[in-house]
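Fold and contact review
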Amino acid sequence: MIVVVIAVLVLFLSARGLAGFYTDHLWFNSVGFGRTWRNLLWAKFAPAAVFTILFFVMMLVSLTIADRLAPRSRAMGPEDELLARYQRSVAPYSGRIRLAVSAFFALIVGGSVAGKWREWILFTHAQSFGTKDPQFHRDVGFYVFRLPFLTFLFSWLFAALIVILIITAVAHYLNGGIRLQSPYQHVTPQVKAHLSVILALMALAKTAQYYYARFQLDFSTRGFVEGAGKTDVAAQLPALNLLLFISIIAAGLFVWNIWRRGWMLPIIAVGLWAFVSLVIGTVVPAVYQAVFVNPNTLAKEQPYIARNITATRKAFGLNQVENKPFNYSNTLTLGQVVDNLQSIDNVRLWDTDVAQKDFQSIQTLQTFYQFEDADIDRYVVDGQLKQTLISARELNSADLPSQSWVNQHIVYTHGYGAVVSAANAADKNGLPSFLTQDIPPTGSIPLSRPEVYFGESLGGYALVGAKQKELDYTRKGGVTVYSRYKGGGGVPLSSLLRRAAFALRFSDPNLLISGQITDHTRIMFLRSILDRVSKAAPFLSYDGDPYPVISNGHLVWMIDGYTTTNDYPYSQSYNANGELKNSVNYIRNSVKVTVDAYDGTIKFYVVDPKDPLIKAYRSAFPGLFTSYSKMPAALKAHLRYPQGLFRAQTDMYRSYHVTDATTFFSGDRKWDISEDPGVGLIGDTSAPETVPTTAPSTPQAASSSGPRIDPLYVLIKPPGESQVQFLLIRPFVPVSKNNTIANLAAFMIAKAEPNAPDGLETFQMPSGVTVLGPVQANSQINSTPEISRQFTLLGQQNTGSRVRQGSMQIVPIGNGLIYFRPIYVEPQNGKQPTYQFVVAALNGTAKIGTTLNEALRQFPEFASLPETATGSQVTPAPTTPPATGGGGGTTSGTLQQVLSQASSTYNQMQAALRAGNLVQYAQLEVKLGNLLNQAASLATSSGSSGTPVPLTRPPSTSPTTRPRSAAGVGA
């Protein structure tokens, strides 16, 4: 009865775990990865089972020997009466006790190995890198695939032997082989032999640990850079070799001790071993580093720094970067600008966070929809490649009309549609110019399957195919459209067992008792796409910014998958502040993952088949991956270089563009990512909306701090090429204390496809020439009077608005560089920001315009720049025509007439302010300044002193029109 009760209790307590196990099996089968689930399960079970059985056998053998060596009789001591009573009680059950004790500790010690499933997979599917480490001349694959598991194996074995030694000693004590209070022999010879053998095995396990610790020196952090340095090679390695030899001697002494009396010799050996380990293994290397290396670091560490540079550049793909000179000239010609009009016209007027706020304000259409974020992509529209912003309209479960169970899980099951807007255009109200919008979706990018069952922020579960239909959307006039799911996503609830299992998994009894569920109902869970792909392939790392793609009328999520390790010898570690989960010293974007938003289908496309890590995972999970050649062409057109990878590469390249060890050590040529000149609200004293600083992973020549510019997607013509391409770009500046040097040193670009020839290129500024960096360009923008005056005007508190700066964008044009920055105005609540104008900065001069083209035409040398039909365009908002005179010109007449016009203009400004028409207000403000200047001139020329003349204001040359959208784009 006790056994039955215990069994029922264990079953009850583990019911939810069993339900999770069973429903995971159903989920993997539903997405076509049943074999992957079995392989993952085997990878976790096999090593745990092997080590559990191994420990069980070792423990059982040792306990059996202990029982066999128990003395038949011994002289009675003070403790013998109690032990004799114990022996009489357990004697009939000694065999069962041995089994129970062995099994108990085996489950504890062996079961913990299940957490090493990743190392087991790599160990059993090891590949070659084709590159040897420079210290031990082993293939890099040994360090990545073999060494981590072997190191764990012998550490586990040593710990397991300690447990066996302790339990065996206790068994000998209980059996009478050890007597702590005996006036005669404390340990019988047989027990001494038994324990000596275990201690010898422990010494041999330590020998193996020392042997593999030698190879771990390739990851040492003692020197100037990571990897085995001078102290590791000259002091630590000999110490490990000596300890290895001593451990073998100690093992021999433990065995020899079987035929000797006492424990003196082994104790001396262990004491000497501990002393040598402390002095030779710890003190001597520390002294060597301080006395011989630190005073002359460069001379001692130079060859090891060179090793680190070579390994790091290869591990992060930096050896493939093509470094090109950028023959900068501060004389940019009209012809060069005309040749690059397509680049200029495709510069973004919208930041993703600003666009997302507008999408949320004007395109959610219902409270139960939301836009998680906006992503940059490109589409061919009217025969032209356009940079776009896209966002899926996902379900917002928190704001349903009612939080009933039926509403939460059956009626409101999915989002609906997506919005796509031109990145280089705005409508007449300063809002995004949509290419696809509304419900049902309309526009130039068709979306025939708009339902979004899987997205970035969806949680919980949904039931499709229930008795109650699902809500699709509500038409104008309040007509609600319902539908039934027709796809194959989700797991069928075709049996009572399945319903019970899911009820346990989600702790929701309604799944078991609801009358809405039929045999045709399917349950969709793991609806967050990152959770979904992480479940299917937990051994990969994933970029934190998935993006939706409209492909053949379907909405498909694309996610970049990384293979990473921190076991590449001599490579410098990189900490991505949690973006890649852990510190890594090797990374490849080997996989592109797609998730269908309608049925949840997952595809893992291998785009870098030469990567040894992905080779290992393909070998371990043959049914999981798909060749890149099988990816539909419509999806290939939307591949992009991942920001996470590019951020890691540029962060490392700031130091590792230097290939000479001496120059690397001096640090005088090291770069840093340009400081972010700040995005967000002007005058905001709260935390800036910027990317956090990535902690330097390599020694810096000086301290640089503060947020850094994030990689930016652009659609431009790369220097020296004839076609615009979708790129990532990030600028470098010299490393300096407190960012005192902000001039541009170089910029790196990454082309869209990771396997494209020359995918990474760096353009370095010529030495001896000062090229303004982003921070300096921003300072010039803010110090330009007409621009700062516009900021002041638009951000006045009595208007109820505030000014928001967009990202600083750098665009190479010919041999010159132009910086662009969009400016927005938003209400105090932060919702629905509107585009106002764009700033162009060139050679220390800044101009503004409603379009990039217009801003450039404010420069005298580009005044004749032709307008384009395909470029950045905005539609002017209608304004009330001034009573007299032009918007930006001057008027003529007597002083009194001019003052009268100024008074009238001022009244019009106040009316525009009350109406919230800030654009008209800005136009009239310019006119008022011109009138006041004219009045001052008239007063001076006439010598009049009877009429007070208001304080004059400088004329504004800033544009005063509002955005207009591209032809054919819906406003």
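Predicted model only: the values in this text are computed from it and were never measured. (Residues numbered from 1 in each chain as written. Predicted model: local features only at pLDDT ≥ 70, side-chain atom pairs only at ≥ 80, totals over all residues. Heavy atoms only, no water.)

A tally of helices and strands in the protein chain yields 27 helices and 32 strands. In the protein chain, of all internal contacts separated by at least 6 residues, the share reaching a separation of at least 24 is 70%. Looking at the protein chain as shown, the accessible area adds up to about 40400 Å², and 58% of this sits on carbon and sulfur atoms. (Helix = DSSP H or I, 4+ residues; strand = E, 2+ residues; numbered from the N terminus. Contact = heavy atoms within 4.5 Å. Areas by Shrake-Rupley, 256 points an atom, 1.4 Å probe, with all protein chains shown as cover.)

For the coordinates displayed, the defined rule picks out 57 aromatic pairs. Plain terms: the ring middles of Phe142 and Tyr143 are 5.3 Å apart, the flat faces sit at 80° to each other, and that makes the pair edge-to-face. The same class applies to Phe142 as to Tyr143, namely buried. For the pair Phe224 and Phe664, a centre-to-centre distance of 6.5 Å together with 85° between the ring planes defines the contact as edge-to-face. Taken together, the residues Phe224 in the loop between α8 (189-216) and α9 (230-256) and Phe664 in helix α22 (residues 661-666) connect sequence positions 440 residues apart. Here Phe224 falls in the partly exposed class, since its relative accessible area comes to 23%. Members of the aromatic cluster, connected to one another through ring pairs, are Phe136, Phe142, Tyr143, Phe154, Tyr211, Tyr212, Phe215 and Phe219. When the ring centre of Phe158 is taken as origin, the NZ or CZ atom of Lys206, which lies over that ring, is 5.0 Å away. Here Lys670 stacks its cationic end above the ring of Phe664, 4.0 Å away from the centre of that ring. (Phe/Tyr/Trp six-rings, centres within 6.5 Å; stacked < 30°, edge-to-face > 60°. Buried < 20%, exposed > 50% of the residue type's maximum accessible area, 1.4 Å probe, protein only. Lys NZ or Arg CZ within 6 Å of the ring centre and 35° of its normal.)

Our next topic: helix α24 (residues 785-794). For α24, the tally of buried residues reaches seven of 10 residues, placing the bulk of the element in the interior. Looking only at α24, the buried set comprises Glu786, Ile787, Arg789, Gln790, Phe791, Leu793 and Leu794.

So, on to the confidence of the model for the protein chain. For the protein chain, mean pLDDT is 84; residues scoring 70 or higher make up 85% of the total. Within the protein chain, strand β32 (residues 873-874) has the poorest average pLDDT of any element, 58, and helix α19 (residues 612-620) the best, 97. Predicted confidence for residues 698-703 stays below pLDDT 50, and this span has 21 contacts to residues more than four positions away or in other chains. Across residues 943-971, where pLDDT falls below 50, the model places 87 contacts with residues more than four positions away in sequence or in other chains. (pLDDT = per-residue confidence, 0-100.)

This part covers the pattern of salt bridges. Going through the model one piece at a time under the given rule, you end up with 19 salt bridges. Glu826 serves as the salt-bridge partner of Lys357, at 3.9 Å between the closest nitrogen and oxygen. Of this pair, Lys357 sits in helix α14 (residues 352-363) while Glu826 sits in strand β29 (residues 816-827), and the two are 469 residues apart along the sequence. Owing to a relative accessible area of 1%, Glu826 belongs among the buried residues under this scheme. For the salt bridge of Glu826 with Arg804, the shortest nitrogen-to-oxygen distance reads 2.9 Å. With Glu826 in strand β29 and Arg804 in strand β27 (residues 801-805), the pair connects residues that are 22 residues apart, well separated along the chain. (Salt bridge = Lys/Arg side-chain N within 4 Å of Asp/Glu carboxyl O.)

The next thing to look at is the packing of helix α7 (residues 140-175) against α8. For the pair α7 and α8, the least separation of the axes is 9 Å and the interaxial angle reads 160°. With respect to each other, α7 and α8 are oriented roughly antiparallel. Judged by the sense of rotation from one axis to the other, the crossing of α7 with α8 is left-handed. (Axes fitted to C-alpha atoms, helices over the stretch in contact; angles between N-to-C directions. Parallel < 35°, antiparallel > 145°, perpendicular 65-115°, else oblique. Left-handed = near helix turned anticlockwise from the far one by under 90°.)

Here the focus is the pairing of strand β17 (residues 554-565). For β17, a buried count of 10 out of 12 residues is recorded, marking the element as mostly surrounded by other parts of the structure. Sheet analysis places strand β16 (residues 547-551) next to β17, joined by five bridges and oriented antiparallel. Each bridged residue has a counterpart across the sheet, and for Pro548 the counterpart in β17 is Trp557. Hairpin geometry of β16 and β17 is characterised by an intervening segment of two residues between the two adjacent antiparallel strands and by a positive phi of about 50° at Asn552. Inspection of the sheet shows β17 paired to strand β18 (residues 586-596) by nine bridges, in the antiparallel sense. Its bridge partner lying in β18, Trp557 is registered against Val595. (Pairing = 2+ DSSP bridges.)

With that settled, the discussion passes to the environment of Val491. Of note, Val491 is situated in strand β13 (residues 491-492). Sequence-wise, Val491 and Asn29 are 462 residues apart; in three dimensions their C-alpha atoms are separated by 8.6 Å. When neighbours within four sequence positions are excluded, Val491 is seen to be in contact with Leu26, Trp27, Ser30, Arg498, Phe502, Thr521, Arg522, Ile523 and Phe525.

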